[in-house]
Amino acid sequence: MSHQGLERVKPATTGPVYNARFRTICTPQPMQDKYLPADIERAAQQHWDSTEAFRVAADTTKPKYYCLSMFPYPSGKLHMGHVRNYTIGDVLSRFHKMKGFNVLQPMGWDAFGLPAENAAIKNQVPPAKWTYDNIAYMKQQLKSLGFAIDWSRELATCTPEYYKWNQWLFLRMLEKGVAERKTQVVNWDPVDQTVLANEQVIDGRGWRTGALVEKREIPGYYLKITDYADELLSDLDELEGWPERVKLMQANWIGKSTGVRFAFSHTVGDENGLIGDGKMWVFTTRADTIMGVTFCAVAAEHPLALHAAKSNPELAAFIEKCKHGSVMEADMATMEKEGLPTGLFVTHPLTGEQVEVWVGNYVLMSYGDGAVMGVPAHDERDFAFAKKYKLPIEQVVAVGDKAYSLDAWQEWYGSKDGHCVNSGKYDGLSYADAVDAIAADVAAKNIGEKKVQWRLRDWGISRQRYWGCPIPIIHCDDCGSVPVPDDQLPVKLPEDCVPDGSGNPLHKRLDFLHVDCPKCGKQARRETDTMDTFVDSSWYYARYATRFGADKMVDEETDYWMTVDQYIGGIEHAILHLLYSRFWTKVMRDVGLVSYREPFAHLLTQGMVLNNAFFHKPEGGGKNYFWESEIDIQKDAKGHITGATLKKDGSTLEHELTTMSKSKNNGVDPQSLIEQYGADTARFFMMFAAPPEQTLEWSDAGVEGAYRFLRRVWSFGHLFATEIRPQIGATRSLAGAKLPEELAAFRREIHLLLKQANYDLGKQQFNTVASATMKMLNAIEKAPRQSALAAEVLEECFGILLRVLSPLTPHISHALWLQLGYGNDILAAAWPEPLDAALVQDEIELMLQVNGKLRGSLRVPADATKDAIEAAAVAHEAAVKFMEGKAPKKVVVVPGRLVNIVC
RNA sequence: GCCCGGAUGGUGAAAUCGGUAAACACAGCGGACUUAAAAUCCGCCGCCGCAAGGUUUACGGGUUCAAGUCCCGUUCCGGGCACCA
């Protein structure tokens, strides 16, 4: 990567003087009595840089661990969500490194995208410059957090070295028929004459012009992810390391449904013949209700609708109206359902009755055949539609003897647990039997069959935008759409354009636009559409694992590192990014590039970091956001926000709790936290605040506590160096020694906490790992320290604490490990395991319940039998009191926990 | 609207397989040290009650010797809904 800010880290030939000292001295050395995070962190980071501690290569002598965090979009500054994400990844990476794994943790930049164009419009800066400047700044921020990243593998998706392979694989997909050109529906701003992203459509209007947005059909390239729908669904079962909820969301998104596709026949046609050869196809999962059809509805773009509109101005106007409004599913689902009859009729395939065809604004051309049968009695949406337009409703399914009423929709109307009624020969059949019988009957008439239908749609990757990967196609008047030959890749994006919001600036770049046709040599026009940025992020994990500069998309080293052992990123990516990556991987496999079929073995979906956002709703629609520094906030006694006003004019603002985002002016920059307290405090606090998968409402209350804790760790280190360690003799005597009870109890406590911490690390619950380290320090500070044996126990226990702490707070752990003489480099230390000998206990405490209520506790020998425990419990003072002279009916003994006397 | 999550003290949270609700912290209150402040250390800290005790995990039911945890229903909050990334 040749660009500024993206050069690979070069091995330092000569380290700073004190670094050499750090590496060679393993005996204790004088230490600062004050905790000075800035100095400690600078020294630790220089040590890691100079020793290239995190640069890794394939090594078959060790198990590998590829730990990947979702790469950031270079929006300008890191925010707390990034700190959370990358700290989680770093904790796992460092933990596994100490466990003996060969750990790869790379980092890069998801560098194409809309915000760079927005910044360009606002500041007149080319997106490239803005992006590379942001990368440089954010890279330095990441470095200051001390992440164990192999920076030699850094990549940015906006560099030709990277996106060349997007283009290359796209051409392979074209060859295989996985990519194809067809039409797509986009948001069109009629004033700016440009395509808008969903985000740029606010309340149905263009974000800059305020003009009513139109739907427009334009050509674009699609990747046939639906060809992989079956495999994407079934392979979910193999992803044992994925959260169930994510797999469920993906399965629902893919949306496999089995039903019947059949045709209503008709005689509607014009001079070109019958429309659709006289068949209007529909798909239904409720074929059992086919005898209850009272109307049909088609999408506004359906050929029958368009045909009817030719002679029906009212209908034409309605179809025109349907063209406005949103293309978003959420809007489609919540909008008022409207329709208009076409005056056309189709024939019911089984009854032969004439059924009227309506145009419905809720019917999607993109799902199935763009037409549906209407069974108002048993479909909630059809019911509402029929009531609104006074269409007949005919019950054809009964559940038990429940009475059907037209007054209001009831839950059971949509049930599949009933049987057919009013359905002629199908009466009495269950859902499954009726579907089978009806499918057989339409099949016999050759007008339908059982069919699997997917909710998943093909992936449209064409974007009418500048700052993205050029689609490698040349349009020739004679030859059509011609793929760019491989030897002319990459098609490089000019980096000096400044978009102004009025369409793709590439249209004005004649040096880019004008190109000779690769087939006939005539002057032709280069495709100006660029790829969806989800393409960039669909395979970056494989590129990290490829040797830098390889003139292949992926190389042999990829086989060593892939698949990713642990992937970490926000839950907001649970569907799209992860599904596209899975799809892309399967295509790469089918092209013969890789041998694995799934990219991510384990997935940790981090909860969002939320913050309040404050905004005005201006008249033209949309939201104007303000920074918290610009407003006054009113809170109630419990601290809940009750209102907010703008400082400059006192106007009232609305507020919402939402994800941190540059566009909402509610992102919190970690920089001040790092400068004030240091990276270790920021990291520790972030991990301590909540378990990683939980949504986190940002607050810095508690940062002081994390800082105080690290100061205490340092102070104890100092005390250990000056007062405790000197008591230790030349030979150690801890192993095999019988410890006095107080010392044994202390040591047991530390080893129990270690056991707990290891368990929690396995669960990836880092907040309780952090609290375990705090408990350890609390115990260590109170422990006996006035003997050689006590000093040895403390040496062991503090060593455990430093190692458990090191993934969370690597800098202070590095400094203390070195300066207290534990070893040269804590990264090379083995992860601690609890010792059985330290855990043994003679007596245990059981809780005592009477009728399920806690009444006391009793101490029993650790090896006491159930009978002995029961006898002791019944005789216990508190038990006798609360049993009030009644005889026990039952005594429940839960080993190691409690006794419950029921009387 | 549909799909997926979540809700526990003043606050962030803990509770591993249904078995001591509130660990560990933050904030607060009281005290020690200090000329003072900061820092540090000690103590208290769900609610009601003088106490004994009672009571408490969004709300309403249920299962169980035992429910924050399992089941049914409801409310509110967050994520996603295919062109934000």
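Values in this document were obtained by computation on a predicted structure and should not be read as measured data.

### Some remarks on the overall build of chain A
Here is step 1: Scanning chain A from N- to C-terminus turns up 28 helices and 39 strands.
Here is step 2: If you line up chain A on its principal axes, its C-alpha atoms span 105 × 85 × 65 Å.
Here is step 3: Within chain A, the proportion of its 903 residues that are buried is 53%.
Here is step 4: Surface summary for chain A: the accessible area is close to 40000 Å², and the carbon and sulfur share equals 51%.
Here is step 5: Averaged over its 99 positive side-chain charges, chain A has a centre that lies 3 Å from the centre of its 115 negative ones.

### Notes on empty space enclosed by the protein
Here is step 1: Under the counting rule described, the total for this entry stands at 3 cavities of 30 Å³ or more.
Here is step 2: The calculated volume of the largest cavity comes to roughly 150 Å³.
Here is step 3: Lining of the largest cavity is provided by 18 residues; of these, Glu 117, Thr 194, Gln 200, Arg 465 and Gly 501 occupy positions nearest its centre.
Here is step 4: Elements represented by at least two residues in the lining of the largest cavity include exactly helix H4 (114-123) and strand S6 (194-196).
Here is step 5: Per-element accounting of the lining of the largest cavity gives the leading share, 4 residues, to H4.

### Notes on helix H25 (residues 810-819)
Here is step 1: Counted residue by residue, H25 has 10 buried out of 10 residues, so it is predominantly covered.
Here is step 2: Regarding H25, the residues found buried are Pro 810, His 811, Ile 812, Ser 813, His 814, Ala 815, Leu 816, Trp 817, Leu 818 and Gln 819.
Here is step 3: Just past H25, the residue Gly 821 takes up positive phi, approximately 80°.

### Side note on the protein's contact with RNA strand B
Here is step 1: Neighbouring RNA strand B are 74 residues; Asn 198, Arg 465, Ala 689, Arg 711 and Gln 756 lie closest to it.
Here is step 2: The sugar-phosphate portion of RNA strand B accounts for 63% of its atoms within 4 Å of the protein, the bases making up the rest.
Here is step 3: In this structure, Gly 702 approaches RNA strand B through a main-chain N or O atom, which is 3.5 Å from a sugar or linking oxygen.
Here is step 4: Taking Arg 708, its side chain carries an N or O atom lying 2.5 Å from a phosphate oxygen of RNA strand B.
Here is step 5: The element best represented in the surface near RNA strand B is helix H23 (residues 766-782), accounting for 6 residues.

### Observations regarding unusual backbone geometry
Here is step 1: Between Leu 489 and the following residue, Pro 490, the backbone shows a cis peptide bond with an omega angle of -5°.
Here is step 2: Topologically, Pro 490 is positioned in the loop between strand S24 (480-483) and helix H14 (510-513).
Here is step 3: Here the bond from Met 562 into Thr 563 is cis, since omega is 5°, no more than 30 degrees from zero.
Here is step 4: Along the chain, Thr 563 turns up in the loop between helix H17 (556-561) and strand S28 (564-570).
Here is step 5: Here Gln 193, not a glycine, exhibits a phi torsion of approximately 55°, which is positive.
Here is step 6: Here Gln 193 shows up in the loop between strand S5 (179-189) and S6.

### Concerning the pattern of salt bridges
Here is step 1: One pass over the structure, following the stated rule, counts 50 salt bridges.
Here is step 2: When the shortest N-O distance is used, the salt bridge between Arg 153 and Glu 557 registers 2.9 Å. Remark: Glu 557 occurs in helix H17 and Arg 153 occurs in the loop between helix H5 (127-144) and strand S4 (155-156); sequence separation between them is 404 residues.
Here is step 3: For Arg 153, a relative accessible area of 8% translates into the label buried.
Here is step 4: Among the residues examined, Glu 557 registers a relative accessible area of 9% and is labelled buried.
Here is step 5: One salt bridge connects Arg 732 with Glu 795, and the closest N-O pair in it is separated by 2.8 Å.

### Comments concerning the sheet that holds strand S21 (residues 459-460)
Here is step 1: The 4 strands lie next to each other as S6-S5-S9-S21, forming an open sheet whose pairing is antiparallel. Each having just a single partner strand, S6 and S21 make up the two edges of the open sheet.

### Thoughts on the pairing of S28
Here is step 1: Extensive coverage of S28 is indicated by the burial of 7 of its 7 residues.
Here is step 2: Bridge count between strand S1 (residues 64-69) and S28: 3 bridges; the pairing is parallel. Considered in S28, the bridge of Ser 69 is made with Ile 568.
Here is step 3: A crossover links S28 with its parallel partner strand S29 (residues 600-606), the connecting element being helix H18 (residues 576-590), and its sense is right-handed.

### Side note on the packing of helix H20 (residues 679-689) against H23
Here is step 1: Running from N to C, H20 and H23 point in directions that differ by 115°, and their axes come no closer than 6 Å. Classified by chirality, the crossing of H23 by H20 is left-handed. Between H20 and H23, the contacting residues are Phe 684, Met 687 and Phe 688 on the first element and Phe 766, Asn 767, Ala 770, Ser 771, Thr 773 and Met 774 on the second.

### A short note on the pairing of strand S15 (residues 339-347)
Here is step 1: Direction of pairing for S15 relative to strand S16 (residues 354-360): antiparallel, over a ladder of 6 bridges. Residue pairing across strands places Leu 340 opposite Val 359, the latter belonging to S16.
Here is step 2: As consecutive antiparallel partners, S15 and S16 are separated by 6 residues, and within that stretch Gly 352 has a phi angle of approximately 75°, a positive value.

### Regarding the sheet that holds S29
Here is step 1: With respect to topology, 4 strands assemble into an open sheet ordered S2-S1-S28-S29, the strand pairing being parallel. At either end of the open sheet lies a strand with only one pairing partner, and these are strand S2 (102-104) and S29. Sheet twist, expressed as the average angle between the axes of neighbouring strands with direction ignored, equals 20°.
Here is step 2: Strand direction decides the pairing type here: S28 and S29, joined by 6 bridges, are parallel.

### Some thoughts on the side chain of His 348
Here is step 1: Take His 348: it is sitting in the loop between S15 and S16.
Here is step 2: In terms of polar contacts, His 348 uses its side chain to reach the backbone carbonyl oxygen of Ile 290, at 2.8 Å.

### A look at helix H13 (residues 431-444)
Here is step 1: Given a rise of 1.5 Å per residue, 14 residues ought to cover 20 Å, and the 20 Å separating the end C-alpha atoms of H13 matches this to within 8%.
Here is step 2: Looking at H13, one finds that the buried residues are Ala 434, Val 435, Ile 438, Ala 439, Asp 441 and Val 442. The buried residues of H13 occupy an angular sector of 165° when the element is viewed end-on, so they sit on one face.
Here is step 3: The inward-facing, buried residues of H13 abut strand S10 (256-265), strand S19 (419-420) and strand S20 (448-454).

So, how was this worked out
Residues numbered from 1 in each chain as written. Chains lettered and ligands numbered in written order. Predicted model: local features only at pLDDT ≥ 70, side-chain atom pairs only at ≥ 80, totals over all residues. Heavy atoms only, no water. Helix = DSSP H or I, 4+ residues; strand = E, 2+ residues; numbered from the N terminus. Buried < 20%, exposed > 50% of the residue type's maximum accessible area, 1.4 Å probe, protein only. Areas by Shrake-Rupley, 256 points an atom, 1.4 Å probe, with all protein chains shown as cover. Lys, Arg positive; Asp, Glu negative; His and termini not counted. Charge placed at Lys NZ, Arg CZ, Asp CG, Glu CD. 1 Å grid on protein atoms, 1.4 Å probe; cavity = no way out; pocket = protein on both sides within 12 Å on 5 of 7 lines; lining within 4 Å. Points joined across faces, edges and corners; volume = space filled by probe spheres on them. Near = heavy atom within 4 Å. Polar contact = N/O pair within 3.5 Å; in protein donor to acceptor, adjacent residues only side chain to side chain. Salt bridge = Lys/Arg side-chain N within 4 Å of Asp/Glu carboxyl O. Pairing = 2+ DSSP bridges. Right-handed = clockwise from strand over helix to strand, strands pointing away. Axes fitted to C-alpha atoms, helices over the stretch in contact; angles between N-to-C directions. Left-handed = near helix turned anticlockwise from the far one by under 90°. Contact = heavy atoms within 4.5 Å. Expected span 1.5 Å × (residues − 1). Arc of directions from axis to C-beta.

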